[in-house]
Each structure stands twice: as C-alpha cells, then as structure tokens.
Amino acid sequence: MGFSKKWPLLHRKVEDRISLLATDHELAMGVNARLESAYAVARKMVVNQEIAIDILGEILLERKTLEGDELDAVLDHVRERIVASPN
C-alpha cells in the first residue's frame with residue numbers, strides 16, 4: 001500500500017486492504033495521517049484560490065460546457081485571478 005514504515009513496498013491483494021486497515025492499527029494511523037495532511041493542503045489551496053474558483057464556477061453554471069477558444073479565454077481570465085502560493 002505504500003503507507004507503512006514497515007514493508008512499504010510489500011504488495012498486498014486489493015481484497016486484503018480493507019481488512020488490513022482494520023487489523024493493523026499502525027498502518028491505519030499512517031494512512032489517516034497522510035489523508036489528513038493531504039486534506040489540509042487541498043483545503044488551503046481552495047481557500048487561497050476562492051476568487052478564481054468562484055469565477056470559474058459561475059461561468060460553468062451559466063454556460064454548462066466550454067470548448068476550444070472559449071475555454072482558453074475563460075482559463076486565461078481565471079489564471080489572472082489565481083493567487084501565487086507562498087510555498
């Protein structure tokens with residue numbers, strides 16, 4: 001699964017993964033920690049880009065589908081609103 005410090009590259013059958021998380025608490029804690037960290041990063045990105053996301057959302061709700069030159073123009077407009085990340 002790649003989440004454990006103990007044998008991170010060990011291949012496990014897909015069917016075994018759920019039961020493995022239920023029985024290996026160290027592995028489950030590691031998976032949870034990585035998911036929590038990824039969630040925090042994603043949430044920070046969304047909060048930092050709220051204006052750009054709102055603009056894109058409004059345009060998509062209005063037009064439903066964007067293609068070709070229209071898509072390029074909208075993305076250029078949204079890129080102008082993207083806030084540079086401090087990291």
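Residues numbered from 1 in each chain as written. Predicted model: local features only at pLDDT ≥ 70, side-chain atom pairs only at ≥ 80, totals over all residues. Heavy atoms only, no water.

### A look at the overall build of the chain
Looking only at helices and strands, the chain features 4 helices and 0 strands. Counted from the first residue to the last, the chain has its helices and strands arranged as α-α-α-α. Residue pairs at least 24 apart in sequence account for 38% of intrachain contacts in the chain once pairs closer than 6 positions are excluded. For the chain, the accessible area works out to roughly 7,300 Å², and carbon and sulfur atoms hold 60% of it. (Helix = DSSP H or I, 4+ residues; strand = E, 2+ residues; numbered from the N terminus. Contact = heavy atoms within 4.5 Å. Areas by Shrake-Rupley, 256 points an atom, 1.4 Å probe, with all protein chains shown as cover.)

### Structural notes on the nonpolar core
Among the nonpolar cores identified, the biggest contains 6 residues, and these are Ala52, Ile55, Ile59, Leu66, Val74 and Val78. Where this core is concerned, the elements lending two or more residues are helix 3 (50-63) and helix 4 (68-81). Element by element, the count of residues in this core is highest for helix 3, at 3 residues. If we skip the residues at most four places from it in the chain, Val74 touches Leu56, Ile59, Arg63 and Leu66. (Core = buried A, V, L, I, M, F, W, Y, C linked by side-chain atoms within 4.5 Å. Buried < 20%, exposed > 50% of the residue type's maximum accessible area, 1.4 Å probe, protein only.)

### Digging into the pattern of salt bridges
On inspection of all chains with the given rule, the structure shows 3 salt bridges. Linking Glu62 and Arg63 is a salt bridge whose minimum nitrogen-to-oxygen distance equals 3.8 Å. Residue classification places Arg63 among the partly exposed positions, given a relative accessible area of 38%. Among the ionic pairs, Arg63 bridges to Glu70, the shortest N-O distance being 3.2 Å. Within the structure, one salt-bridge network assembled from shared partners comprises Glu62, Arg63 and Glu70. (Salt bridge = Lys/Arg side-chain N within 4 Å of Asp/Glu carboxyl O.)

### Details of the side chain of Gln49
Counting through the fold element by element, Gln49 comes out in the loop between helix 2 (25-48) and helix 3. Overall, Gln49 belongs to the buried group, its relative accessible area being 16%. Among residues more than four places away in sequence, those in contact with Gln49 are Arg81, Ile82 and Val83.

### Points about unusual backbone geometry
In this structure, Lys64 takes a positive phi of about 70 degrees despite not being glycine. The residue Lys64 is located in the loop between helix 3 and helix 4 in this model.

### As for helix 3
Here helix 3 contains 14 residues, and its C-alpha end-to-end distance of 20 Å stays within 8% of the 20 Å for a straight helix at 1.5 Å per residue. Restricting attention to buried positions, one finds in helix 3 the residues Ala52, Ile55 and Ile59. The buried residues of helix 3 occupy an angular sector of 65 degrees when the element is viewed end-on, so they sit on one face. The exposed residues of helix 3 that point more than 90 degrees off its buried face are Glu58 and Leu61. Among the structural elements, helix 4 are those in contact with the buried residues of helix 3. Just past helix 3, the residue Lys64 takes up positive phi, approximately 70 degrees. (Expected span 1.5 Å × (residues − 1). Arc of directions from axis to C-beta.)

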